[in-house]
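# Commentary on secondary and tertiary structure
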Amino acid sequence: MTADVPGMSEGAKVSPFRDPKIRALFFQVLVIVTFLAFVYYIADNTITNLEKRGIASGFDFLSQNSGFDIGIVLLVDYNAQTSTHGDVLLIGIINTLAVSLSGIVLATIIGFVFGVLRLSNNWIVNRIAYVYIEVVRNIPLLVQLLFWYLAVLLELPKVRDSVKLGDSVAINNRGFYFPSIVPDSGFWLIPTAFVLGIIATVFVSKWAHKRQDETGQQFPVFTTGLALIIGLPVLAALVSGIPFALEYPSMGRFNIAGGWVIKPEFMALFLGLSIYTGGFIAEIVRSGINAVSHGQTEAANSLGIKPSVTMRLIIIPQALRVIIPPLTSQFLNLTKNSSLATAIGYSEIVAIFAGTSLNQTGQAIEIIALTMLFYLTISLIISVFMNWYNKRIALVER
Amino acid sequence: MAIVKTERHPEMPPPVTTTGVIGWLRQNLFSSWFNTILTVVAAYVAYKALYAFIDFTIISANFAGTTRDDCTLDGACWVFIKQRFGQVMYGFYPEAERWRINVGYVLGAIGLFLVLSNYVKNKKWPALYLFVIYPIICYFLFFGGFGLEVVETSQWGGLFLTLVLASVSIFVALPLGIILALGRRSEMPVVRMVCVGFIELIRAVPLISVLFMASVMLPLFLPEGQNFDKLIRALVGMSLFSAAYMAEVVRGGLQALPKGQTEAAMSLGLGYWQTMWLIILPQALKISIPSIVNTFIGLFKDTTLVLIIGLFDLLSVVKAGTQDKNWLGLATEGYVFVAIVFWVFCFGMSRYSIWLENKLHTGHKR
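Residues numbered from 1 in each chain as written. Chains lettered and ligands numbered in written order. Predicted model: local features only at pLDDT ≥ 70, side-chain atom pairs only at ≥ 80, totals over all residues. Heavy atoms only, no water.

## Quick look at the overall build of chain B
Helix and strand counts for chain B come out as 14 helices and zero strands. Mapped in sequence order, the helices and strands of chain B form the string α-α-α-α-α-α-α-α-α-α-α-α-α-α. A compact globule built from 366 residues should have a C-alpha radius of gyration of about 21 Å, whereas chain B, at 27 Å, is more than 25% larger. Considering chain B as a whole, with its 366 residues, one finds that 42% of them fall into the buried category. Sequence separation of 24 or more characterises 64% of the internal contacts of chain B that already satisfy a separation of 6 or more. Here chain B carries 28 positive and 21 negative side-chain charges, and the mean point of each set is 10 Å from the other. (Helix = DSSP H or I, 4+ residues; strand = E, 2+ residues; numbered from the N terminus. Rg over C-alpha atoms; globule rule 2.2 N^0.38 Å. Buried < 20%, exposed > 50% of the residue type's maximum accessible area, 1.4 Å probe, protein only. Contact = heavy atoms within 4.5 Å. Lys, Arg positive; Asp, Glu negative; His and termini not counted. Charge placed at Lys NZ, Arg CZ, Asp CG, Glu CD.)

## Quick notes on the packing of helix α2 (residues 85-117) of chain A against helix α3 (residues 123-137) of chain A
Residue and element names in this part refer to chain A. Interhelical geometry of α2 versus α3 gives an angle of 135° and a closest axis separation of 8 Å. Judged by the inter-axis angle, α2 sits oblique to α3. Contact with α2, carried on its side by Ile110, Phe114 and Leu117, involves Val125, Asn126, Ala129 and Tyr132 of α3 and no other residues of that element. Split by residue class, the contact of α2 with α3 holds six nonpolar, one polar and no charged. (Axes fitted to C-alpha atoms, helices over the stretch in contact; angles between N-to-C directions. Parallel < 35°, antiparallel > 145°, perpendicular 65-115°, else oblique. Nonpolar A, V, L, I, M, F, W, Y, C, P; charged D, E, K, R; others polar.)

## Observations concerning the interface of chain B and chain A
Taken together, the contacts link 56 residues of chain B with 53 residues of chain A. The largest contributions to the chain B side of the interface with chain A come from B:Leu220, B:Phe221 and B:Lys301, which together make up 13% of the buried area. In this assembly, chain B and chain A are joined by zero salt bridges. Our count for the chain B to chain A interface comes out at 14 residue pairs in polar contact (both at pLDDT 80 or more). Considering every element that reaches the side of chain B that touches chain A, the biggest residue donor is helix α14 (residues 331-360) of chain B, with twelve residues. Partitioned by chemical class, the residues of the side of chain B that touches chain A number 43 nonpolar, seven polar and six charged. (Buried area = accessible area lost by both parts, 1.4 Å probe. Salt bridge = Lys/Arg side-chain N within 4 Å of Asp/Glu carboxyl O. Polar contact = N/O pair within 3.5 Å; in protein donor to acceptor, adjacent residues only side chain to side chain.)

## A closer look at the pattern of salt bridges
Taken as a whole and judged by the stated rule, the model has seven salt bridges over all chains. A:Arg286 is the salt-bridge partner of A:Glu283, the closest N and O atoms lying 3.1 Å from each other. Highlighted residues: A:Glu283 and A:Arg286, both in helix α7 (residues 264-291), separated by three residues, approximately one helical turn. Given the relative accessible area of 22%, A:Arg286 is considered partly exposed. Of the charged contacts in the structure, one is a salt bridge between B:Arg8 and B:Glu11, with a shortest N-O distance of 3.5 Å. The pair B:Arg8 / B:Glu11 is uniform in exposure class, with both members exposed. Residues joined in a network through salt bridges with shared partners are B:Arg184, B:Glu200, B:Glu248 and B:Arg251.

## Points about helix α10 (residues 349-361) of chain A
Taking 1.5 Å per residue, 13 residues should reach 18 Å; α10(A) reaches only 16 Å between its end C-alpha atoms and comes up short. Within α10(A), the full set of buried residues consists of A:Ile349, A:Val350, A:Ala351, A:Ile352, A:Phe353, A:Ala354, A:Gly355, A:Ser357, A:Leu358 and A:Thr361. In the core, the buried residues of α10(A) are packed alongside α2 and α11 (364-393) of chain A together with α9 (207-221) of chain B. (Expected span 1.5 Å × (residues − 1).)

## Quick look at the side chain of A:Ser357
With respect to the element layout, A:Ser357 can be found in helix α10. With residues up to four places along the chain from it excluded, the contact list for A:Ser357 reads A:Phe68, A:His85, A:Val88, A:Ile352, A:Gly362 and A:Ile367.

## Remarks on the pairing of strand β3 (residues 175-178) of chain A
Residues and elements named next belong to chain A. When strand β2 (residues 169-172) meets β3, the two strands line up antiparallel, connected through three bridges. The residue bridging Ala170 from the neighbouring strand is Tyr177, located in β3. Sheet topology places β3 next to strand β8 (residues 260-262); three bridges connect them, and they run antiparallel. Within β8, the position partnered with Phe178 by the bridge is Trp260. (Pairing = 2+ DSSP bridges.)

Structure (structure tokens):
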């Protein structure tokens, strides 16, 4: 409320209770006092309760031995006998990030495909996309996750009856098995070539942009980039005499040994999150494209630009401005929703850290605080990045 | 001799190929060779998927019988759902008392109809009934008292519990959200900071962690001996969570209003609360109705998460059922059933919100 209300200006005599400035001050002091009293009440109760239960506060528990096994461990070594609750936290973070990032990629692809299909002139294609969107958006994610996990992936054939594609791929209710890469000496060349390919592509695209600005000539950046990013590692592999071996998954007596496996827990979460979020992204993409004036398409047509180029260079860039902000929220939602993994036994932060570790140590406050801090950080990073991107593509006005 | 026609030529109908069924087909399905291929492929896929779904749920499904042996397993075995229907609907609520829930449904349906439909013009009394009197009736009806046998909340479950969770949280979240949204736009820095802090903190973390916090930490926050039951703890978590989202929705509505509305109200001498209550909020809430319904749909779907903290909502009851050793291997049926129930509710609500949006728009739409 602004203070300058006519009739209450400096000259007029006003009772202090009716002065907006004093009222605002009084109200704010009241809020502060209530808030502090509330915090004090909670803190006091918590301290008393924790003392009664004999739980020490602090973060010492992070270096204590965890003593439980974790179903899915990526990138780091973990051993129930020697690893600590700190390691559990780390694994939880890695697993959450792994499933969120891969989910974001697939969900974006699904979303863009169905969002564009939803606008197709072809009636049947259009309806299929509509049904997909309305079905996945209106069924709780948890139901979909349990469906994928318990009704689809765990109902796959048993190990003995695995579905096989030659020697290299085997699918059963314990996971999807692929050949793994066993590096020899000289393997470092391949990832190095891959990174070089990406860097070279960035330079090529900058150079091509500049050349187009100066001469108007276009350069096939996409194909060149693809050739560089895929071609260079292949070339490196051939030159250095293929410095790796493939290890095929082989049928043991009780289980499949060797190779690389995607566990059903990860698969269910990955599929469920991507398909669910994809439905929401599709609607965002559709409304974004619809928001671009139809005159833009007509103008492009009248200039004789091919429809595919119109879409890529004229419609999508303008639609992105409308799409990016809600898309950011969907990415955040997907990351937060990965916490539903608790229900299907994928080892992400909420399941193993805020679940098992909390039950074992009883350090509720520290653990919940760390978990929330993790999500806060992620949210912040994603929004900062997306806001940066949003600003970059935003319409530049005078 | 005049060769110029003096009278106007009668208007010709458009070519046959552009009208009627054929025109529609040509335009929508076979406009080019690419479109034709797309149509054929898509039609095949759609036919296959639709047939498989109908075959599984209806044609090859079993409806009759009482045990798992009555299932042929060619399609869905709905015997399973049929046998557990009471539990799926009411949880462990004593069978003799289930009429109370049904009465509650009927009373609620009447209230909803009066408030939501087109037929009643003055919404004052229906709203008073639905938002003040009905919750009080429901409390005594469902929980007990006034001569009704007390049914502990630990016995509540199934679809009933899902509906209780959703409606109580929205009932708390909407006013709380409005207050938070007003606080966020307040010119008093302290009030604004408290509201922004709450909203952003809650929105940044997953609902599960809020539910965990409510179920693990709420007992720690309260003086010893005071203990809420599980349901209340879940309700606190869900309400706070949805209030934060609701606040942002309402804030959007508030932002959409031109500043002139506030200024006009002030120039008429209305105070802050009068301005808000009579001028700003009615307009802002009307603008945000579609988003409020969407938030409610999200909340309704999120009630399933109470499974993780051990409450027996619709999903948990069915999940527990699929793990019963007499009914093993029927997970698909269970989840398809839950999915259909939720879909009907959520799709219905989203249609309603579209209908309402069209009804309420007062000609300012571009």
